[in-house]
Amino acid sequence: MRIGITGGIASGKSTVARLLAERGALVFSADEAARAVVAPGSDALAKVVELLGSSVVQADGALDRAETGRIVFADDRKRRGLERIVHPAVLKLLKAQVEAAEVDLRGSWLVAVEAPLLYEAGMKSWFDAVIVVTCSAREQVNRLMTRNGLSAPEAARRVVAQMPLDQKAAMADFVVANDGSEADLAVAVNNLWKGLLALNAGSTNQA
Ligand code: ATP
């Protein structure tokens, strides 16, 4: 079975993906794919430099993600331009990764793709089920300030630039609420795992 994991910025998507991987899911990440497609020397990186300027390239030739973030989160036109370069390449790579994993399942029944922009990028139809990881906007801001060292206004700008989380939750097959502790999240993921097993058993019975 193939599932997507999405949510808001810093809502806990990667943590949920890690907990599912610990339980045996094969997990792929759109963020990792996005890093791979702009590797030094890639066509996508050359296009990004054309759009945003050479300040986004580090001395080692890699994309400076912090600088890129600073530029595009302050300029919607540039953010959309960056997305037009990176998204098609990411989708192509992820599709290839998932299809290869499904040929070679390595004993797993679950392939999961963590994709922050799953709905925005039109990926919903790829999946048997979509999991949306939510938390309050206040918690998103707190986590961004702690993890990324952003100021409160910078963090808030990134949160409000996204599709509202309740809109994503309304489209989800499973919602994982992540407003509590990490221990609470582990319990929620155990329940999710049971729900996914049941869904998988149902689809196997119907087949
Ligand atoms: P991004 O959108 O930036 O990729 P994400 O949605 O993948 O983020 P995570 O990286 O899983 O979110 O979590 C964001 C931060 O909040 C991390 O530093 C993580 O350790 C922390 N975190 C996540 N869930 C909890 C929780 N329930 N309690 C405390 N800290 C948490």
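The coordinates are above.
Q: Teacher, can you tell me more about helix 2 (residues 30-37) here?
A: An α-helical turn contains 3.6 residues, so a residue and the one three or four places further along point in the same direction. Those residues of helix 2 not exposed but buried are A30, A33, A34 and V37. Down the axis of helix 2, the buried set is contained in an arc of 105 degrees. They therefore lie on one face. Against strand 2 (26-29), helix 3 (43-52), helix 5 (76-103) and strand 3 (111-114) lie the buried residues of helix 2. Where helix 2 starts, the residue carrying a side-chain oxygen 3.2 Å from the main-chain nitrogen of D31 turns out to be S29.

Q: Could you clarify how one ought to interpret the site of the ligand in this entry?
A: For the ligand, the set of nearby residues contains 16 residues, the closest of which are K13, S14, T15, R147 and N178. One nitrogen or oxygen atom from the main chain of G12 is found 3.0 Å from an oxygen atom belonging to the ligand. For the ligand, a nitrogen atom lies 3.0 Å from a polar atom in the backbone of G180. For the ligand, the protein covers 77% of the area, taking 630 Å² as the surface of the free molecule.

Q: When you look at the pairing of strand 4 (residues 129-134) in this model, what are you seeing that I'm missing?
A: As a general feature of sheets, a regular strand has side chains that alternate between the two faces. For strand 4, the tally of buried residues reaches six of six residues, placing the bulk of the element in the interior. Both faces of strand 4 are covered, namely the face carrying A129, I131 and V133 and the face carrying V130, V132 and T134. Alignment of strand 1 (residues 2-7) against strand 4, held across five bridges, turns out to be parallel. Within strand 4, the position partnered with I3 by the bridge is A129.

Q: Teacher, can you tell me more about the packing of helix 6 (residues 137-148) against helix 7 (residues 152-160) here?
A: Think of two packed helices as two axes; the pair is described by the angle between the axes and how far apart they sit. Close contact between helix 6 and helix 7 brings their axes to 9 Å; oriented N to C, the two are set at 125 degrees. Taken together, the axis directions place helix 6 and helix 7 in an arrangement best described as oblique. With respect to the hand of their crossing, helix 6 and helix 7 are arranged in right-handed fashion. Across the interface between the two elements, A137, Q140, V141, L144 and M145 from helix 6 touch A152, A155, A156, R158 and V159 from helix 7. Classifying every residue of the contact of helix 6 with helix 7 by side-chain character gives eight nonpolar, one polar and one charged.

Cut-offs used in this document
Residues numbered from 1 in each chain as written. Predicted model: local features only at pLDDT ≥ 70, side-chain atom pairs only at ≥ 80, totals over all residues. Heavy atoms only, no water. Buried < 20%, exposed > 50% of the residue type's maximum accessible area, 1.4 Å probe, protein only. Helix = DSSP H or I, 4+ residues; strand = E, 2+ residues; numbered from the N terminus. Arc of directions from axis to C-beta. Contact = heavy atoms within 4.5 Å. Polar contact = N/O pair within 3.5 Å; in protein donor to acceptor, adjacent residues only side chain to side chain. Near = heavy atom within 4 Å. Areas by Shrake-Rupley, 256 points an atom, 1.4 Å probe, with all protein chains shown as cover. Pairing = 2+ DSSP bridges. Axes fitted to C-alpha atoms, helices over the stretch in contact; angles between N-to-C directions. Parallel < 35°, antiparallel > 145°, perpendicular 65-115°, else oblique. Left-handed = near helix turned anticlockwise from the far one by under 90°. Nonpolar A, V, L, I, M, F, W, Y, C, P; charged D, E, K, R; others polar.

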